[in-house]
Amino acid sequence: MNHTRATDQTVAALRLVRDKWGALLAAVEAPPTAADWPPRETTGFLDKLPAAEGPLLVEDREPYALRAHPAPLNLTAHDAVVAVENMLFDLADTCAAVTQQHTRLDELHRWNYRTHHGHGSRTQGAHWASVYVEGRVLGEQTDGPDPLFAPLPGWALHEAHRVARQCADRVLRTLRHDERSASSRYPCPWCASPLTSYSASGDVQRITCSGGPSCSAPVPLDLDGHRVWERSDMGPLLALFAAAMESGESATEQTCAVIGS
């Protein structure tokens, strides 16, 4: 695979995991039989946390897998959180082993390994692990006469690409476990490629265009290379697509009218 393409895909996968992490944590406490799962409000799980008796120190935290989680749990979501967190931790260990210049790093940049004395940087959680790996994949702070990191070798970039994609796939598969897909009767307004809608709990959650990078729609590509409109960020346009599909009106004409307005 092309080096630039692998880097771009790895970074996109890592950012997707960070973007969806709150929803995945919220899903742990949402029964899979609920009418709307996962919950659209991704901060609801915070209301269930016990009040802190004092300031929470970083060094007192433990990785998610070692924390206490009262029943009932959504075990599918719980297992996904644990698996993705551990994959990101292990990947950060690998990246640190081949790039980290230990003698020059302060605690702000260093990834500390788990030892028998403690969990190291794993106490910072999956988000920091993802950010750290992204920096190594992008080759940040590897330039200059005295760089903080060595460049990530090709084999390690391949490993980062594999693991990051696996993590992103696991997150999406868990959050979209009850989605149902349907082909649209209307083509994409931007490139005329087929559209597919994905629904859960009776509502359209996202729409994808198979045109891929050649489609000029102003939305990002998903991990499969399709343009994707997500429910959370599409707003009126996603509602327009859904309404057009259901009513039999022209999605292309309606969308162009909105764009021109």
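Engineer: Mind showing me how you'd approach the overall build of the protein here?
Structural biologist: Assigned secondary structure in the protein consists of 7 helices and 4 strands. Along the protein, helices (α) and strands (β) appear in the sequence α-α-α-α-β-β-β-β-α-α-α when read from the amino end. Expressed as a percentage of the 261 residues in the protein, the buried residues total 43%. Long-range contacts, defined as pairs at least 24 residues apart, comprise 56% of the intrachain contacts of the protein with a sequence gap of at least 6. Only carbon and sulfur atoms are counted for the fraction: they give 54% of the accessible area of the protein, which is about 14,000 Å².

Engineer: Looking at this structure, I do not really get the nonpolar core. What am I missing?
Structural biologist: As a rule of thumb, nonpolar side chains are buried together in soluble globular proteins. Counting 41 residues, the largest nonpolar core has V17, L24, V84 and L88 as the members making the most contacts within it. Among the elements of the structure, helix 1 (3-28), helix 2 (75-99), helix 3 (125-137) and helix 4 (154-175) are those that each provide at least two residues to this core. For this core, the element with the highest residue contribution is helix 2, accounting for 11 residues. With sequence-adjacent residues up to four places away left out, V17 is seen in contact with V84, L88, C167, A168 and V171.

Engineer: Help me understand the pairing of strand 3 (residues 203-209), please; the structure alone is not making it clear to me.
Structural biologist: Residues in a regular strand project their side chains so that they alternate between the two faces of the sheet. Among the 7 residues of strand 3, 6 are classified as buried, and the element is accordingly described as predominantly covered. When strand 3 meets strand 4 (residues 227-230), the two strands line up antiparallel, connected through 4 bridges. Within the sheet, the bridge partner assigned to T208 lies in strand 4 and is V228.

Engineer: Help me out: how do you make sense of the packing of helix 2 against helix 3 in this one?
Structural biologist: Between two packed helices, both the angle of their axes relative to each other and the distance between the axes serve to describe the pair. Relative to each other, helix 2 and helix 3 sit at 35°, their axes nearing to 9 Å. Read as a crossing pair, helix 2 and helix 3 show a hand that is left-handed. Each of E85, L88, F89, L91, A92, C95, A96 and T99 in helix 2 lies in contact with helix 3, whose residues at this interface are G125, A126, A129, S130, Y132, V133 and R136. Taken together, the residues of the contact of helix 2 with helix 3 sort by class into 10 nonpolar, 3 polar and 2 charged.

Engineer: Please clarify how the environment of S193 should be interpreted in this entry.
Structural biologist: Position of S193 among the secondary structure elements: in the loop between strand 1 (180-187) and strand 2 (194-200). Taking the relative accessible area as the measure of exposure, S193 reaches 16% and is therefore buried. Taking the C-alpha atoms as reference points, S193 and C209, separated by 16 residues in sequence, lie 6.4 Å from one another. Ignoring anything within four residues of it in the chain, the contact list for S193 reads P187, C188, C209, S210 and G211.

Engineer: Looking at this structure, I do not really get the pattern of salt bridges. What am I missing?
Structural biologist: Overall, the coordinates contain 5 salt bridges when judged by the stated rule. In this structure, the salt-bridge partner of R15 is E134, at a minimum N-O distance of 2.7 Å. Remark: E134 occurs in helix 3 and R15 occurs in helix 1; sequence separation between them is 119 residues. What makes R15 partly exposed here is its relative accessible area of 45%. Of the charged contacts, one joins R122 and D93 as a salt bridge, the two residues approaching to 2.8 Å between their closest N and O atoms. On the criterion of sequence distance, the pair formed by R122 in the loop between helix 2 and helix 3 and D93 in helix 2 is long-range, its members being 29 residues apart. Pair check on accessibility: R122 and D93 agree, each one buried.

Engineer: Just checking my understanding: could you explain the packing of aromatic side chains for this structure?
Structural biologist: Aromatic rings considered in pairs are described by the distance between their centres and by the relative angle of their planes. Considering all chains together, one arrives at 5 aromatic pairs under this definition. Pairing F89 with W111 gives two aromatic rings, centres 6.3 Å apart and planes at 40°, and the pair type is tilted. Of this pair, F89 sits in helix 2 while W111 is found in the loop between helix 2 and helix 3, placing the two residues 22 residues apart along the sequence. Taking relative accessible area as the criterion, F89 reaches 0% and is therefore assigned buried.

Engineer: Looking at this structure, I do not really get the confidence of the model for the protein. What am I missing?
Structural biologist: Taken residue by residue, the protein gives an average pLDDT of 76. The fraction at 70 or more is 68%. The secondary-structure element of the protein with the lowest mean pLDDT is helix 7 (residues 251-260), recorded at 42, while helix 3 shows the highest, at 95. Within the model, the stretch residues 33-60 combines pLDDT values under 50 with 31 contacts to residues more than four positions away or in other chains. The low-confidence segment residues 250-261 (pLDDT under 50) makes 17 contacts with residues lying over four places distant or belonging to another chain.

Engineer: Would you explain unusual backbone geometry in this entry?
Structural biologist: Peptide bonds are trans in most cases, and residues, glycine excluded, mostly fall at negative phi. Of note, the phi angle at Q141 is positive, near 60°, even though the residue is not glycine. On the basis of relative accessibility, which here comes to 35%, the residue Q141 falls in the partly exposed class.

Engineer: Explain the environment of T142 here, please?
Structural biologist: Mapped onto the elements, T142 comes out in the loop between helix 3 and helix 4. For T142, a relative accessible area of 18% puts it in the buried group. With 43 residues separating them along the chain, T142 and T99 place their C-alpha atoms 9.0 Å apart. Contact partners of T142, with chain neighbours within four places excluded, come to P147, F149, A150 and P151.

Scoring rules and cut-offs
- Residues numbered from 1 in each chain as written.
- Predicted model: local features only at pLDDT ≥ 70, side-chain atom pairs only at ≥ 80, totals over all residues.
- Heavy atoms only, no water.
- Helix = DSSP H or I, 4+ residues; strand = E, 2+ residues; numbered from the N terminus.
- Buried < 20%, exposed > 50% of the residue type's maximum accessible area, 1.4 Å probe, protein only.
- Contact = heavy atoms within 4.5 Å.
- Areas by Shrake-Rupley, 256 points an atom, 1.4 Å probe, with all protein chains shown as cover.
- Core = buried A, V, L, I, M, F, W, Y, C linked by side-chain atoms within 4.5 Å.
- Pairing = 2+ DSSP bridges.
- Axes fitted to C-alpha atoms, helices over the stretch in contact; angles between N-to-C directions.
- Left-handed = near helix turned anticlockwise from the far one by under 90°.
- Nonpolar A, V, L, I, M, F, W, Y, C, P; charged D, E, K, R; others polar.
- Salt bridge = Lys/Arg side-chain N within 4 Å of Asp/Glu carboxyl O.
- Phe/Tyr/Trp six-rings, centres within 6.5 Å; stacked < 30°, edge-to-face > 60°.
- pLDDT = per-residue confidence, 0-100.

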